[in-house]
Amino acid sequence: MSAEYATFGLAPAMRAGGVLANGAYQVHRDFVDFIVDGRPLLFQLSDLDAVSPLASDVPPSIFTAQVRSLLLEAEPPLTSGRYVIYGCPECADLACGAVTAVIERDGDDFVWRDFAWQTEEEADLKLNGYTGIGPFRFHGSEYRGALRSLLRESGAEPSARRRVLLIGARVAVLARLAAALRAIGIGADIAQDAAGVPPEELRAYGAVAFGRAVAEADRAAVRLAFDRAGVQVAYVDGLAPIIPLLVAQIEHALDRSPAEQRRLTRLVAAGGQAGIEITSTCRVELTAYRLDRLYRPHTYRFFDGILPAGRHRIGLDPKAVKGESFIVARTSGTVLVEPMAR
């Protein structure tokens, strides 16, 4: 069987959740992505909002079964020797569509071939095959080593601390923020400080978000509590009491994917323009949030479209950035937030 050798690896990835400009919720998913020849395989599929079967929020027994399936230690889940490579991040139902491929052994090598978009029991390669992707031949030792490394720890799931500690003075804002985070699959707790919290409880958090009114001395005390517990977390300084904006900040803080393997790598907001840099063709959504003189929030979605890799500058209506304003840039896997500089 002819196919050039490709390198195989795994890396943590994220499907960014959030409160979207239209008010809808998008669920947060942590998963392990496939790295082929140094780049996420998902990036070769252009604008695809999907996750691999190796998601952190599935039960350990199912996660283990998914890994062993990719190792061909179990029967293929689909006909014709096909396996799900990426599926719907909301429900994982084949009816929503999935990227599938044939996985087979050739001697000691593993081969992934005949990639297709599949919504029914049988894949139609003529209508829905991915031309130009694969086949990929992986050295058996490298392939097995990467996947089996996921099974070394008890529980067999990638580490993901999807819980946030919210600290601030405005309880009503924190309660709305906690509700929004829980709606997209991120746990949230509200507290005035971290004094007296046992280290094992602090280890459950992946991020701490501070309200703007929290004094620096109180922030330092929280950081000291986590340091003493030996817990490394991301700290978020809330930009404004705007729930979608705060959710976006927290999503960015929880992103554990390697920086060099993200689609959205740069956001600059200045002079009524947003400058972004992306590493592969994908859908980009740009939203402006601002507070008026009465501290009421306003939302403006000023761009939503497919962009090629590279740097782009996109202007917006001056009305959208009057006063204190902020820009959120979003792809399916990355969220960046910046205040608008004057």
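That block above? That's the structure.
The structure reproduced in this document is the subject of the present report. Just so you know, these numbers come straight off a predicted model, no measurement behind them.

1. Considering the overall build of the protein
At step 1: The number of helices and strands found in the protein is seven helices and 20 strands.
At step 2: Against the 2.2 N^0.38 benchmark of 20 Å for 342 residues, the protein shows a C-alpha radius of gyration of 22 Å, consistent with a compact globule.
At step 3: Dimensions of the protein, computed from the C-alpha atoms along their principal axes, are close to 65 × 50 × 30 Å.
At step 4: Counting all 342 residues of the protein, 50% fall into the buried class.
At step 5: Sequence separation of 24 or more characterises 63% of the internal contacts of the protein that already satisfy a separation of 6 or more.
At step 6: Here the protein has roughly 15,900 Å² of accessible surface; of this, 50% comes from carbon and sulfur atoms.

2. Quick word on the pairing of strand S13 (residues 234-237)
At step 1: Residues of S13 alternate between two faces, with Ala 234 and Val 236 buried on one and Tyr 235 and Asp 237 left unburied on the opposite face.
At step 2: Sheet analysis places strand S12 (residues 207-210) next to S13, joined by four bridges and oriented parallel. From the neighbouring strand, Ala 207 faces S13, where its bridge partner is Ala 234.
At step 3: Where the polypeptide runs from S12 across helix H6 (residues 216-228) and back to S13, its parallel neighbour, the crossover connection is right-handed.

3. A short note on the pattern of salt bridges
At step 1: For the structure shown, the criterion picks out 23 salt bridges.
At step 2: One salt bridge in this structure joins Arg 29 and Asp 57, with 2.8 Å as the shortest N-O distance. Within this pair, whereas Arg 29 is found in strand S4 (residues 29-36), its partner Asp 57 is found in the loop between strand S5 (39-40) and helix H1 (60-70), the two being separated by 28 residues in sequence.
At step 3: Classification of Arg 29 as buried rests on a relative accessible area of 11%.
At step 4: Residue Asp 57 is classed as partly exposed on the basis of its relative accessible area, which comes to 32%.
At step 5: One salt bridge in this structure joins Asp 108 and Arg 144, with 3.1 Å as the shortest N-O distance. Residue Asp 108 is located in the loop between strand S7 (98-106) and strand S8 (109-118), and its partner Arg 144 is located in helix H3 (residues 140-148); the two are separated by 36 residues in the primary sequence.
At step 6: Three or more residues joined by partner-sharing salt bridges are found here, namely Arg 283, Glu 285, Arg 301 and Asp 304.

4. Brief notes about the sheet that holds S7
At step 1: Reading across from one edge, S6-S7-S8-S9 is the order of the four strands in this open sheet, with antiparallel pairing throughout. Among the strands making up the open sheet, the edge pair consists of strand S6 (82-86) and strand S9 (136-138). Each strand of the sheet is rotated relative to its neighbour by a mean of 35°, with strand direction disregarded.
At step 2: Bridge count for S8 against S9 is three bridges, and the pairing is antiparallel. Looking at the pairing, Trp 112 lines up with Phe 136 of S9.

5. Points about the pairing of strand S19 (residues 324-330)
At step 1: Summarising burial for S19: six of the seven residues are buried, a large majority.
At step 2: As paired strands, strand S16 (residues 282-291) and S19 are joined by seven bridges and run antiparallel to one another. Within S19, the position partnered with Tyr 289 by the bridge is Phe 326.
At step 3: Bridge count for S19 against strand S20 (residues 335-339) is five bridges, and the pairing is antiparallel. Residue Phe 326 lies in a different strand from S20, and its bridge partner there is Pro 339.
At step 4: Linkage of S19 to S20, two consecutive antiparallel strands, is achieved through a turn of four residues.

6. Overview of the sheet that holds S19
At step 1: Taken together, the four strands give an open sheet; going across it, the order is S17-S16-S19-S20, and neighbouring strands pair in antiparallel fashion. In the strand order of this sheet, the two ends are held by strand S17 (297-307) and S20, each with one partner. In this sheet, neighbouring strand axes are inclined to one another by 15° on average, regardless of whether the strands run parallel or antiparallel.
At step 2: One ladder, built from ten bridges, connects S16 with S17; its direction is antiparallel.

What counts as what
- Residues numbered from 1 in each chain as written.
- Predicted model: local features only at pLDDT ≥ 70, side-chain atom pairs only at ≥ 80, totals over all residues.
- Heavy atoms only, no water.
- Helix = DSSP H or I, 4+ residues; strand = E, 2+ residues; numbered from the N terminus.
- Rg over C-alpha atoms; globule rule 2.2 N^0.38 Å.
- Buried < 20%, exposed > 50% of the residue type's maximum accessible area, 1.4 Å probe, protein only.
- Contact = heavy atoms within 4.5 Å.
- Areas by Shrake-Rupley, 256 points an atom, 1.4 Å probe, with all protein chains shown as cover.
- Pairing = 2+ DSSP bridges.
- Right-handed = clockwise from strand over helix to strand, strands pointing away.
- Salt bridge = Lys/Arg side-chain N within 4 Å of Asp/Glu carboxyl O.
- Axes fitted to C-alpha atoms, helices over the stretch in contact; angles between N-to-C directions.

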